[in-house]
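Descriptive structure summary
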Amino acid sequence: MSAYRLRWFAPAGLLGLLGFVLHEPMLYALFGLFVFTSFFWVDERAEVNLGRAAAFAYVVTLVAYMVSMVLLVVLSRTRELTGLTRVNLLEIIVLAFAAIFALHILSFALSYEYFERKGV
């Protein structure tokens, strides 16, 4: 999907105001859609760099998922040896997903900045 189409997610950030009306703090997360307002000022070169950064972030995220799944399988098979309970494994899974998400965002942002500075 091109940045031209993604920019129309930005007005949906106003749905975060429903958090105030409905007294539901989870709806405040919809304010995150305002990040797409930056796509209103994207030119062709920046859009190509966004595509490159997204491709790089996809590969990094895929490798991180594969590594974490292998580690989780090993941990679950050696649960008796390590003394982990099911609750501990669930906590590890949640932390793994959070770490993968952070890695995805960082790899996207840093690779986009790299491609911007490289000037290709």
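As a reminder, the structure under discussion sits directly above these lines.
Sequence order sets the numbering: in each chain, residues are counted from 1 along the sequence as written. Thresholds applied to this predicted model are a pLDDT of at least 70 for local features of residues and 80 or more for the giving and counting of side-chain atom pairs; totals over whole chains, interfaces and linings are not thresholded and use all residues. Remark: hydrogens and water are excluded; side-chain values derive from all non-hydrogen atoms of the structure.

Thoughts on the pattern of salt bridges
Our working rule: Take a side-chain nitrogen of Lys or Arg and a carboxyl oxygen of Asp or Glu: if they are within 4 Å of each other, that pair is a salt bridge. Helix numbering and strand numbering both begin at the N terminus, where a helix is a DSSP run of H or I of at least 4 residues and a strand a DSSP run of E of at least 2. Burial classes follow relative accessibility: with a 1.4 Å probe on protein chains only, a residue under 20% of its type's maximum area counts as buried, one over 50% as exposed, and anything between as partly exposed.
Scanning the model with the defined rule gives two salt bridges in all. For R45, the salt bridge goes to E116, with nearest N and O atoms at 3.4 Å. Residue R45 is located in helix α3 (residues 44-77), and its partner E116 is located in helix α5 (residues 86-118); the two are separated by 71 residues in the primary sequence. Given a relative accessible area of 40%, R45 falls into the partly exposed group. Across the salt bridge formed by E113 and R117, the nearest N and O atoms sit 3.1 Å from each other. Of this pair, E113 and R117 both sit in helix α5, separated by four residues, roughly a single helical turn. With a relative accessible area of 69%, R117 lands in the exposed category.

Concerning α5
We apply this condition: Expected helix span is computed as 1.5 Å times (number of residues minus one). A contact between two residues is defined here by any heavy atoms of the two lying within 4.5 Å.
For α5, which comprises 33 residues, the first-to-last C-alpha distance of 47 Å matches the rise-based estimate of 48 Å (1.5 Å per residue) to within 8%. Its buried side turned inward, α5 meets α3 and α4 (79-82). Just past α5, the residue G119 takes up positive phi, approximately 80°.

Considerations on the side chain of S107
Stated precisely, the cut-off is as follows: In protein, a polar contact means a hydrogen-donor-capable atom and an acceptor-capable atom, both N or O and within 3.5 Å, with residues adjacent in sequence counting only if both atoms are side-chain atoms; elsewhere, any N or O pair within 3.5 Å suffices.
Tracing the backbone through its elements, the reader meets S107 in helix α5. We classify S107 as buried; its relative accessible area is 9%. A polar contact is formed between the side chain of S107 and the backbone oxygen of H104, at a distance of 3.0 Å. When residues no more than four places from it in sequence are discounted, the contact partners of S107 are F56, A57 and V60.

Focus on the packing of aromatic side chains
The relation between two aromatic rings is expressed through the spacing of the ring centres and the mutual angle of the planes. The criterion, for reference: For Phe, Tyr and Trp, where Trp contributes only its six-membered ring, two rings pair if their centres lie within 6.5 Å, and the inter-plane angle classes them as stacked under 30 degrees, edge-to-face over 60, or tilted in between. Charges are assigned to positions over rings by a cutoff of 6 Å between ring centre and Lys NZ or Arg CZ, combined with an angular limit of 35 degrees from the ring normal.
The full count for this structure, using the stated rule, is six aromatic pairs. Relative to F34, the ring of F31 has its centre 6.2 Å away and its plane inclined at 20°; by these criteria the two rings are stacked. Joined through ring pairs, the aromatic side chains of F20, Y28, F31 and F34 make up one cluster. Sitting above the plane of the F115 ring, R52 keeps its charged end 5.9 Å from the centroid.

Purely spatial values, then, with no claim about function.
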